[in-house]
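Examination of the molecular architecture
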Amino acid sequence: MSQYYSENSFFKRVFETVRLIPVGKVSTYGAIAAFIGSPGAARMVGWALNKSGAQSVYVPAHRVVNRNGLLSGKNHFAGERIMQEMLENEGVKIDNYMVKNMKKHFWDPNKELK
């Protein structure tokens, strides 16, 4: 088991929450952090997602963007356009590395799961 995925770890809670984001939706680092009880830890959510590729169970990290809808994690994928292409394949429109109509595509775990 990965060192980033201990039973009650912050990373585990991030991965579990991100796995719940539906196809065609995006969430934000801050929304994920708030939902798992760590408001203000948006940057740490990003660090966790940088390690998500090492997990045995897939984590759809491409569905997490910054609070403005910017694909700020795009450089952590195999190619600069991979994150955009993955979202577009799920029906999310992207323009200049920004989610178009963020309001339509935003999935807030604090509203959807509580």
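The structure under discussion appears in the preceding block.
Here goes a summary of the coordinates provided.

Once that is clear, we can look at the overall build of the protein. Along the protein, the regular secondary structure elements total 6 helices and 4 strands. Start at the N end of the protein and walk to the C end: the helices and strands fall as α-β-α-α-β-α-β-β-α-α. Relative to the globule expectation of 13 Å for 114 residues, the C-alpha radius of gyration of the protein, 13 Å, shows essentially globular dimensions. The principal-axis extents of the C-alpha atoms in the protein amount to approximately 40 × 30 × 20 Å. A total of 114 residues make up the protein; the buried ones form 46% of that total. Pairs at least 24 apart in sequence give 62% of the contacts found in the protein among residues at least 6 apart. Counting every atom, the protein has about 6500 Å² of accessible surface; 50% of that belongs to carbon and sulfur. Of the charged side chains in the protein, 16 are positive and 9 negative, and the gap between their average positions amounts to 5 Å.

Here the focus is the pattern of salt bridges. Evaluated as defined, the whole model comprises 2 salt bridges. Across the pair E16 and K12 runs a salt bridge whose closest N-O atoms are separated by 3.5 Å. Of the two residues, E16 and K12 both sit in helix α1 (residues 10-18), 4 residues apart, roughly one turn of that helix. Overall, the relative accessible area of 13% leaves K12 in the buried class. For R63, the salt bridge goes to E90, with nearest N and O atoms at 2.8 Å. With R63 in the loop between α3 (42-50) and β2 (64-65) and E90 in the loop between α4 (82-89) and β3 (94-95), the pair connects residues that are 27 residues apart, well separated along the chain.

Throughout the structure, instances matching the rule amount to 2 aromatic pairs. Here a set of aromatic residues connected by ring pairs shows up, and it is made of F10, F11 and F15. The side chain of K74 reaches across the aromatic face of Y97, ending 4.8 Å from its centre.

Basis of the calculations
- For every chain, the first residue of its written sequence is number 1, and the numbers climb from 1 along that sequence.
- Predicted model: local features are reported for residues with pLDDT of at least 70 only, side-chain atom pairs are reported and counted for 80 or more only, and whole-chain, interface and lining totals are derived from all residues.
- Note that the side-chain values use all heavy atoms of the structure and ignore hydrogens as well as water.
- For helices the rule is a DSSP run of H or I covering at least 4 residues; for strands it is a run of E covering at least 2, with both sets numbered from the N terminus onward.
- Radius of gyration: over C-alpha atoms. The globule rule applied is 2.2 Å multiplied by the number of residues raised to the 0.38 power.
- Exposure categories follow from relative accessible area, calculated using a 1.4 Å probe and restricted to protein chains: below 20% of the type maximum is buried, above 50% is exposed, and the middle band is partly exposed.
- Any two residues whose heavy atoms approach within 4.5 Å are treated as being in contact.
- Using a 1.4 Å probe, accessible areas were evaluated by the Shrake-Rupley method; residue-level cover was limited to the displayed protein chains.
- Positive charges come from Lys and Arg alone, negative charges from Asp and Glu alone, with His and the N- and C-terminal ends not counted.
- A single reference atom marks each charge: NZ on Lys, CZ on Arg, CG on Asp, CD on Glu.
- Each salt bridge in this description consists of a side-chain nitrogen of Lys or Arg and a carboxyl oxygen of Asp or Glu lying within 4 Å of one another.
- Ring pairs shown here join Phe, Tyr and Trp side chains whose ring centres sit within 6.5 Å, with only the six-membered ring taken for Trp; geometry is labelled stacked below 30 degrees between planes, edge-to-face above 60, and tilted in between.
- Two conditions define a charge sitting above a ring: the NZ of Lys or the CZ of Arg must be within 6 Å of the ring centre, and it must be within 35 degrees of the ring normal.

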